[in-house]
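So you can see what is in the structure, the chains are spelled out below.
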Amino acid sequence: MTELPMEQTWLVLVELLTDLRKRGIKIPDEVPKTVRLAKTTINFYKADPTNPDMMNEIKRINDFLNSIQDTLLDLAEEVGKDYKDEWLNKLMRASRGERVVEKEENAPKFAVGVPSGFSMVKVTFQEPLSEERLNDIAEEYGVIIEFEEDDVVAIYGDQDNVKASLKEIASFFQK
């Protein structure tokens, strides 16, 4: 399936979020949650874009992306005007359908949509877990945790952050 401009916008926003965190900028708790909701909704839309009901999903996706973008660009201004302008330029190019963030073409099927430089892992639990607890771990370690099923999550982010979050999640396997 071809890549949508909203996917490129999402990828740019994830890179901006990651870069801001690396620079020590405090990210509001709702941003990572909205990033996950946007990705989930994009995947839902892509499953059947011909369905007339999907027009509502496009609006939801745009609302999510606009919210994330507004917050992150405000935070980018704290770094500097040139920094903010650089990211604004990337976002404008992505919204026009340009490929701004390259995805690895030989990436495994389950890792489609993972930004370059990110690591990804899937974890299957014996029992469904509390989304609230996983959201806390995602926030603490700067990763994105996306539920694929009640007992399967995908975790992605910087390799060191993914490893650290997995150590925290490992406690769920001990009984």
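Everything numeric in this text was worked out from a predicted model, so none of it was measured.

1. Re the sheet that holds strand β1 (residues 119–124)
Working step 1: Taken together, three strands build an open sheet; the order of strands is β1-β3-β2 and the sheet is antiparallel. Looking at strand neighbours, the two that pair on one side only are β1 and β2 (144–149), the edges of this open sheet. Here the strands of the sheet are splayed against their neighbours by 20° on average, with no regard to which way each runs.
Working step 2: As paired elements, β1 and strand β3 (residues 152–157) share six bridges and run antiparallel to each other. Across the sheet, the residue bridging to V121 is I155, located in β3.
Working step 3: Relative to the sheet, helix α6 (residues 159–169) contacts β1, β2 and β3, its axis offset from that of β3 by approximately 145°.

2. Looking at the pattern of salt bridges
Working step 1: Within this structure, the stated rule accounts for 13 salt bridges.
Working step 2: Residue R93 is joined to E98 by a salt bridge in which the shortest nitrogen-to-oxygen separation is 3.1 Å.
Working step 3: When salt bridges that share partners are traced, they join R21, K26, D29 and E139 into one network.

3. Observations regarding the packing of aromatic side chains
Working step 1: What the rule picks out here adds up to one aromatic pair.
Working step 2: A centroid spacing of 6.2 Å and a plane angle of 65° characterise the contact between Y83 and W87, whose relative ring orientation is edge-to-face. In this pair, Y83 and W87 both sit in helix α4 (residues 81–95), four residues apart, roughly one turn of the helix.
Working step 3: By relative accessible area, Y83 is classed as buried at 8%.
Working step 4: Across from the ring centre of W10, 4.9 Å away, lies the NZ or CZ of K39, which sits over that ring.
Working step 5: Against the face of W87 rests K90, its NZ or CZ located 4.1 Å from the ring centre.

4. Re the packing of helix α1 (residues 5–22) against α4
Working step 1: Where α1 meets α4, the axes come as close as 8 Å, and the angle between the chain directions of the two elements is 160°. What the angle tells us is that α1 and α4 run roughly antiparallel. Pair α1 / α4 crosses with right-handed handedness. Across the interface between the two elements, P5, Q8, T9, V12, L13, E15, L16, D19 and L20 from α1 touch Y83, W87, K90, L91, A94 and S95 from α4.

What counts as what
- Residues numbered from 1 in each chain as written.
- Predicted model: local features only at pLDDT ≥ 70, side-chain atom pairs only at ≥ 80, totals over all residues.
- Heavy atoms only, no water.
- Pairing = 2+ DSSP bridges.
- Helix = DSSP H or I, 4+ residues; strand = E, 2+ residues; numbered from the N terminus.
- Axes fitted to C-alpha atoms, helices over the stretch in contact; angles between N-to-C directions.
- Contact = heavy atoms within 4.5 Å.
- Salt bridge = Lys/Arg side-chain N within 4 Å of Asp/Glu carboxyl O.
- Phe/Tyr/Trp six-rings, centres within 6.5 Å; stacked < 30°, edge-to-face > 60°.
- Buried < 20%, exposed > 50% of the residue type's maximum accessible area, 1.4 Å probe, protein only.
- Lys NZ or Arg CZ within 6 Å of the ring centre and 35° of its normal.
- Parallel < 35°, antiparallel > 145°, perpendicular 65-115°, else oblique.
- Left-handed = near helix turned anticlockwise from the far one by under 90°.

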